[in-house]
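Chains, contacts and geometry: an overview
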Amino acid sequence: MNSTFSNHDKANFGLAQKSSQRLAKVAILLLISVFFNRSQAQENRYVFEKGMMGSPFKLVFYAPNDSIANVAAQNAFARIEKLNEILSDYRDGSEINQVSAKSGSGEWISVSDDLYNILAISQDISKKTNGAFDATLGPVVQMWRHATRKGIFPTEIEIKEAMQKTGYSKLKLDPQGKKVFLTQKGMRLDIGGLGKGFAAEEAVKVLKNYGIKSIMMDAGGKIVLTSPPPGTKGWNITISNGSDSLKTMALSNVALATSGPTYRYMEYNGIRYSHIVDPATGIGLLFHVRTTVISPDGTVADALATAFSVAGIEKSKKMLRQFPGSQVWLVEKKDDQVADWNTLEKPQ
Ligand code: AMP
Ligand code: MG
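Reference entry: report on the structure contained in this document. Keep in mind that this is a model prediction, so the values were computed, not measured.

A count of helices and strands for the protein chain gives eight helices and 17 strands. Across the 348 residues of the protein chain, 45% fall into the buried class. Taking as baseline every contact in the protein chain between residues at least 6 positions apart, the subset at least 24 positions apart corresponds to 60%. Surface accessibility of the protein chain: about 18600 Å² in total, with carbon and sulfur atoms responsible for 52%.

Around the magnesium ion (ligand 2), the protein contributes the donor atoms Gly193 (O), Asp302 (O), Asp302 (OD) and Thr306 (OG1), at 2.0 to 2.4 Å from the metal centre. Along the chain, the residues donating to the magnesium ion (ligand 2) fall in the pattern G-x108-D-x3-T. Residue glycine 193 is located in the loop between β5 (179-182) and α7 (195-209), and its partner aspartate 302 is located in helix α8 (residues 298-320); the two are separated by 109 residues in the primary sequence. Taken as a pair, glycine 193 and aspartate 302 share a single burial class, namely buried.

To continue, consider the pairing of strand β9 (residues 246-251). Within a regular beta strand, the side chains point alternately toward one face of the sheet and then the other, so they alternate between its two faces. Examined bridge by bridge, strand β8 (residues 235-240) and β9 share six bridges and lie antiparallel to one another. Across the sheet, residue threonine 238 finds its bridge partner in β9, namely threonine 248. As consecutive antiparallel partners, β8 and β9 are separated by five residues, and within that stretch glycine 242 has a phi angle of approximately 105°, a positive value.

Next up on the list: the sheet that holds strand β4 (residues 171-174). An order of β3-β5-β4 is seen for the three strands of this open sheet, with the pairing classed as antiparallel. Because the sheet does not close on itself, it has two edges, and the strands there are β3 (109-110) and β4. Relative to β4, helix α4 (residues 113-128) is tilted by about 120°, and along the sheet it contacts β4 and β5.

Given the relative accessible area of 0%, aspartate 302 is considered buried. Ignoring sequence-local partners within four residues, the contact set of aspartate 302 consists of Gly193, Leu194, Gly195, Lys196, Gly197, Lys222 and Ala257.

For the rest of this paragraph, the subject is the packing of aromatic side chains. The final tally for this structure, using the stated rule, is seven aromatic pairs. On the numbers, 5.7 Å between centres and 10° between planes, the contact of phenylalanine 48 with phenylalanine 61 is stacked. Here phenylalanine 48 is found in strand β1 (residues 44-52), whereas its partner phenylalanine 61 is found in strand β2 (residues 55-63), with 13 residues between them in sequence. Summarising the burial analysis for this pair, phenylalanine 48 and phenylalanine 61 share the class buried. Relative to tryptophan 235, the ring of tyrosine 62 lies with its centre 6.1 Å away and its plane at 55°, an arrangement referred to as tilted. Here tyrosine 62, found in strand β2, pairs with tryptophan 235, found in strand β8; they are 173 residues apart in sequence, far enough to count as distant. For the residue pair tyrosine 62 and tryptophan 235, the accessibility class agrees, reading buried in each case.

Cut-off values and rules
Residues numbered from 1 in each chain as written. Chains lettered and ligands numbered in written order. Predicted model: local features only at pLDDT ≥ 70, side-chain atom pairs only at ≥ 80, totals over all residues. Heavy atoms only, no water. Helix = DSSP H or I, 4+ residues; strand = E, 2+ residues; numbered from the N terminus. Buried < 20%, exposed > 50% of the residue type's maximum accessible area, 1.4 Å probe, protein only. Contact = heavy atoms within 4.5 Å. Areas by Shrake-Rupley, 256 points an atom, 1.4 Å probe, with all protein chains shown as cover. Donors = N, O, S within 2.8 Å, 3.2 Å for Na, K, Ca; no water. Pairing = 2+ DSSP bridges. Axes fitted to C-alpha atoms, helices over the stretch in contact; angles between N-to-C directions. Phe/Tyr/Trp six-rings, centres within 6.5 Å; stacked < 30°, edge-to-face > 60°.

Okay, here's the thing in structure tokens:
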């Protein structure tokens, strides 16, 4: 039997086809959302802690099961360990120390992507902060470490000699060849001011490769956050001004870093000198300062918390304009005078 459709029938058939297609789409969407909700509901919270780079590191994230969580965390920590082998100035054989040992040789030295990348960020921040951040302070930092161990204050001459071997303009980078050049003998690189923020970013990349989306990586006070924990608006992070005042914020997809008085300072004649050195004087910061920076990137947040501590409130206000999306809470205590500058949650 020949069956033909009238135009009307065709239109009806078309409608029937469309509505069954729509039904199928709705069913697929329902399935996806059931699956998505279920996989979200099934996510467990995992916490891993480890002492790394001389500080406690804490990793919190949500994953579907123990085996994914364990492998992902192990690999994230292994990545940090690898970075430490490259970047630690405490290890004689580290790549960074090998490069420093060739300072003044007149040689351009090929370096790993990791070392190149961190130095490139560092140099960019140095330029934008007029040298308040400086990864060539190694000789001065070493001198202070030695002084702290011995309890002997360095002489003016020692400080001057160490200072002569510093200055970020003496560090040259070749982006094409990924090479570095330390123009003066005795120079020593020290990326302690941004290394933990960099490590936190790299660890987060490893976790993301396992499909993990909600992550908090706290690398000794330098924190990188990704998507909020399932069903929440963000990671509840409490920021302090160092004494009484606290602020809790629900944050996600952002990084924050705090620099401040830790156990790492030198006390001499009743005066405390911070482990953060003022590149203009070669001396540890004298005043109590605590700085928290929120930035889109962990390495930048870490470097800025150090740089703004050096620069102080007034200069940092001008510098901040060069870092869109960054916010600061800086508290200075000089001669019992407390100054507080806080841009958190205010639009830039
Ligand atoms: P942070 O805790 O991030 O402020 O880093 C402090 C560490 O950065 C010190 O222990 C030094 O290794 C290094 N450092 C000290 N002063 C400076 C500075 N002005 N610029 C860059 N790095 C610094
Ligand atoms: Mg820092």
